[in-house]
Amino acid sequence: MKLLQDKIMQEGKVLSSSVLKVDSFLNHQIDPMLMKEIGHEFANRFSDQVITKILTIESSGIAPSVMLGLEIGAPVVFARKRKSLTLSDNLYSSKVHSFTKNETNEISVSRNFLNEDDNILIVDDFLANGEAVKGLLDIAAQAGAHVVGVGIVIEKGFQDGGKLLREQGVRVESLAIVDSLEDGNVTFATEARS
């Protein structure tokens, strides 16, 4: 997705050979027009699927998920990283290790919002080692739901998450695949992997 790649080149900051900071438009401040285009692109890429729910994880996956939900008319369910007083039992839960924060969180979704009749599209902002997606796949499996695929805004192609998911037969559609962050430069894959 050229628009997204251009935004990464203009505003993304390479913090190391493995960390790309995109907080000016994706995961702190949000560019609504870009998110609208991202939602539209995901809708196009998964137009061959019937999607009844979009599943993401708080908080950076919410904006692209909501825009996709608007585009296709499906509700968005997000896994919470922290339990609240109103979300304490009757949950699907899984443990997820965050590459960026180097911490493990238990994510949870109320059993009221996912079930065996759902066709789920998982959406997230980044795919690095695949831990968040694996946690969301686990939650979908606990619900007995069918996962039609995974939509990723930015995939770090130099890390193993995308490769491992694809090898397991999971359909992964990434809008931008970063092949390298070496020497402070962003290099994109010439072809999208799906």
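Calculation notes
Residues numbered from 1 in each chain as written. Predicted model: local features only at pLDDT ≥ 70, side-chain atom pairs only at ≥ 80, totals over all residues. Heavy atoms only, no water. UniProt positions renumbered as here; feature names shortened; annotations may be inferred. Helix = DSSP H or I, 4+ residues; strand = E, 2+ residues; numbered from the N terminus. Contact = heavy atoms within 4.5 Å. Buried < 20%, exposed > 50% of the residue type's maximum accessible area, 1.4 Å probe, protein only. Polar contact = N/O pair within 3.5 Å; in protein donor to acceptor, adjacent residues only side chain to side chain. Salt bridge = Lys/Arg side-chain N within 4 Å of Asp/Glu carboxyl O.

### Describing the UniProt feature "binding site: xanthine" (unreviewed entry) in the chain
Here's step 1: When the UniProt feature table is mapped onto this chain numbering, "binding site: xanthine" (unreviewed entry) sits at L20, N27 and K156.
Here's step 2: Within the secondary structure, L20 sits in strand 2 (residues 20–21).
Here's step 3: Setting aside anything within four residues of it in sequence, one finds L20 in contact with I8, G12, K13, V14, F126, I154, V178, L181 and V186.
Here's step 4: Note on placement: N27 falls in the loop between strand 2 and helix 2 (32–45).
Here's step 5: We classify N27 as partly exposed; its relative accessible area is 29%.
Here's step 6: The residues touching N27, leaving out its near neighbours within four places in the chain, are V22, S60, D125 and F126.

### Things to note about the UniProt feature "binding site: 5-phospho-alpha-D-ribose 1-diphosphate" (unreviewed entry) in the chain
Here's step 1: Mapped onto the present numbering, the UniProt feature "binding site: 5-phospho-alpha-D-ribose 1-diphosphate" (unreviewed entry) falls on A128, N129, G130, E131 and A132.
Here's step 2: In this structure A128 comes out as buried when scored by relative accessible area, which is 12%.
Here's step 3: Those residues in contact with A128 that sit more than four places away from it in its chain are K156, Q159, D160, G161 and G162.
Here's step 4: Structurally, the position occupied by N129 is in the loop between strand 7 (119–127) and helix 4 (131–143).

### Thoughts on the side chain of S180
Here's step 1: Inspection of the secondary structure puts S180 in strand 9 (residues 172–180).
Here's step 2: At 3.0 Å, the side chain of S180 and the backbone nitrogen of E182 are in polar contact.

### Some words on the pattern of salt bridges
Working definition: two side chains of opposite charge can pair if their charged atoms are close together.
Here's step 1: Evaluation of the coordinates by the stated rule reveals 12 salt bridges.
Here's step 2: The partner of K2 in a salt bridge is D6, and the shortest N-O contact between them spans 2.9 Å. Here the residue K2 and the residue D6 both occupy positions in helix 1 (residues 2–11), the gap between them amounting to four residues, near one helical turn.
Here's step 3: Across the pair D48 and R171 runs a salt bridge whose closest N-O atoms are separated by 3.1 Å.

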